[in-house]
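# Residue-level structure breakdown
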Amino acid sequence: MKRMELLAPAGNMEKLKIAFLYGADAAYLGGTSFSLRAFSDNFTPEEMKEAVDYAHSLGKKIYVTVNIFPSGKDYKELPGYLRYLEKIKADAVLIADPGIFRLCREVAPALPIHVSTQANTTNWSAVQFWKECGAERVVLAREVSLADAKEISANVDIELEGFVHGAMCISYSGRCLLSNYFTKDRDSNHGECVQCCRFKYSLVEEKRPGEYFPVMEDERGTYIFNSKDLCMLRHLPDLYDAGFASLKVEGRMKSLHYVATVVKVYREAMDAYEADPEHFTVKEEWVEELEKISHRPYTTGFYYGRPAAADQVYGQSSNTQTHDFIGFVKAYDEATHTAQIEQRNYFKVGEEVEFLLPHGPIVKHIIRNLRNSDGAVIDAARHPQEIVCMTTDVPLQVNGMMRRQVK
């Protein structure tokens with residue numbers, strides 16, 4: 001069976017390295033300009049070159065998002081930017097706008113182009129159009145069903161990419177102007193979305209100004225624009241059958257813990273399916289892992305047809321999770337069984353924790369001792385990102401994620 005690519009988000013260099021360490025085949029990232037995630041850390045030109053060189057040293061790939069809907073002023077800097085991405089040998093650039101596509105072919109002809117999901121590509125004829133323009137891959141719109149994806153794959157010989165996990169947008173393929181309307185200077189189509197869909201809304205009757213009535217849901221309002229999160233873990237065989245070449249995890253603005261957890265789960269599941277598709281079953285431990293990270297209730301989105309409102313809209317604004325990410329393993333001494341932990345949330349002696357590691361199963365541990373960077377005994381790690389030491393009964397791995405169950 002042909003190996004399918006697992007594509008991970010990279011909001012900064014740390015997340016990029018974690019994505020590769022935990023099993024991603026490729027990562028997508030944005031520069032400080034021309035990307036639809038302007039409020040993730042993003043990459044400077046120098047950092048992008050470092051990212052590409054690092055990925056290539058591992059035999060992995062980097063795709064750079066240039067998926068804004070540009071105005072005329074954007075074209076002043078775009079030619080030089082595209083030439084730079086070609087020069088540093090980015091593996092592809094993600095483009096949604098035909099004008100940027102045309103410009104890229106003109107000024108950076110050796111730079112491969114993937115058509116972004118923002119282009120709203122929903123049928124085989126549109127995919128054929130992009131192929132004839134020179135695209136090497138098309139990221140299908142999130143509204144495409146598995147049946148339609150299979151039809152596209154059967155009719156057009158081109159790589160298809162689809163989302164497998166993460167947040168979904170209530171607007172059609174992310175084309176939203178709510179942010180512009182509410183904030184005036186936060187353009188959602190230039191990467192500055194304020195996520196108005198996560199706000200609480202109530203009904204106001206025309207002749208009763210100031211009186212707010214809940215539409216449904218609860219006493220605090222309703223969340224009629226607030227979509228559930230996509231999760232296709234239980235349906236991996238159907239994604240393979242549909243003909244995708246790459247499965248994409250959403251989340252350039254998500255946490256380090258999110259990236260590590262989601263990538264590791266899907267890596268293990270995809271490897272298991274590819275090794276023995278006939279006997280593949282979804283392990284409940286994989287499902288439990290995806291409950292541990294911050295998320296909204298899960299949905300299969302549009303993959304099995306148009307969902308009913310109850311299947312798509314989430315009835316509150318806050319995320320849920322079963323575990324808190326509290327520490328990051330920076331070093332581990334096998335001789336003394338001592339781990340250096342970078343604090344990411346308060347923890348103390350006596351707490352039961354667990355470690356998600358790049359390789360192998362979850363490791364459980366009770367914290368019996370802590371020392372600060374000066375070697376002094378302490379009872380808790382109180383300070384953000386301070387380095388503390390602890391001894392463990394079981395071996396750990398560098399870049400492991402320490403977490404505890406939410407009580």
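Scroll up to find the structure.
Residues numbered from 1 in each chain as written. Predicted model: local features only at pLDDT ≥ 70, side-chain atom pairs only at ≥ 80, totals over all residues. Heavy atoms only, no water.

Here we take up the pairing of strand E7 (residues 159–167). Within E7, eight of the nine residues are buried, which leaves the element mostly enclosed by the surrounding structure. Pairing geometry for strand E6 (residues 137–139) and E7, over three bridges, is parallel. Along E7, the bridge assignment pairs Arg137 with Glu159. For the segment spanning E6, helix H6 (residues 146–155) and E7, crossover handedness is right-handed. (Buried < 20%, exposed > 50% of the residue type's maximum accessible area, 1.4 Å probe, protein only. Helix = DSSP H or I, 4+ residues; strand = E, 2+ residues; numbered from the N terminus. Pairing = 2+ DSSP bridges. Right-handed = clockwise from strand over helix to strand, strands pointing away.)

With that out of the way, let us pick up helix H9 (residues 256–275). With 20 residues, H9 extends 28 Å from end C-alpha to end C-alpha; this agrees with the ideal 28 Å at 1.5 Å per step. The buried fraction of H9 amounts to 16 of the 20 residues, a majority that puts the element mostly inside the structure. (Expected span 1.5 Å × (residues − 1).)

Packed helix pairs are characterised by how far apart their axes lie and by the angle those axes make with each other. Here helix H3 (residues 78–87) crosses helix H4 (residues 98–107) at 55°, and the two axes come no closer than 9 Å. The angle between H3 and H4 falls in the class oblique. In the crossing of H3 with H4, the sense of the turn from one axis to the other is right-handed. Counted together, Leu78, Pro79, Leu82, Arg83 and Glu86 of H3 and Ile100, Leu103, Cys104 and Val107 of H4 form the full contact between these two elements. (Axes fitted to C-alpha atoms, helices over the stretch in contact; angles between N-to-C directions. Parallel < 35°, antiparallel > 145°, perpendicular 65-115°, else oblique. Left-handed = near helix turned anticlockwise from the far one by under 90°. Contact = heavy atoms within 4.5 Å.)

Let us look at the packing of helix H1 (residues 13–21) against H9. Direction vectors running N to C along H1 and H9 enclose 15°, while the axes themselves pass 9 Å from each other. Here H9 runs roughly parallel to H1, going by the angle between their axes. Read as a crossing pair, H1 and H9 show a hand that is right-handed. Where H1 approaches H9, its residues Glu14, Lys15, Ile18 and Ala19 are matched on the opposing element by Leu256, Val259, Ala260 and Val263. For the contact of H1 with H9, the per-class residue count stands at six nonpolar, no polar and two charged. (Nonpolar A, V, L, I, M, F, W, Y, C, P; charged D, E, K, R; others polar.)

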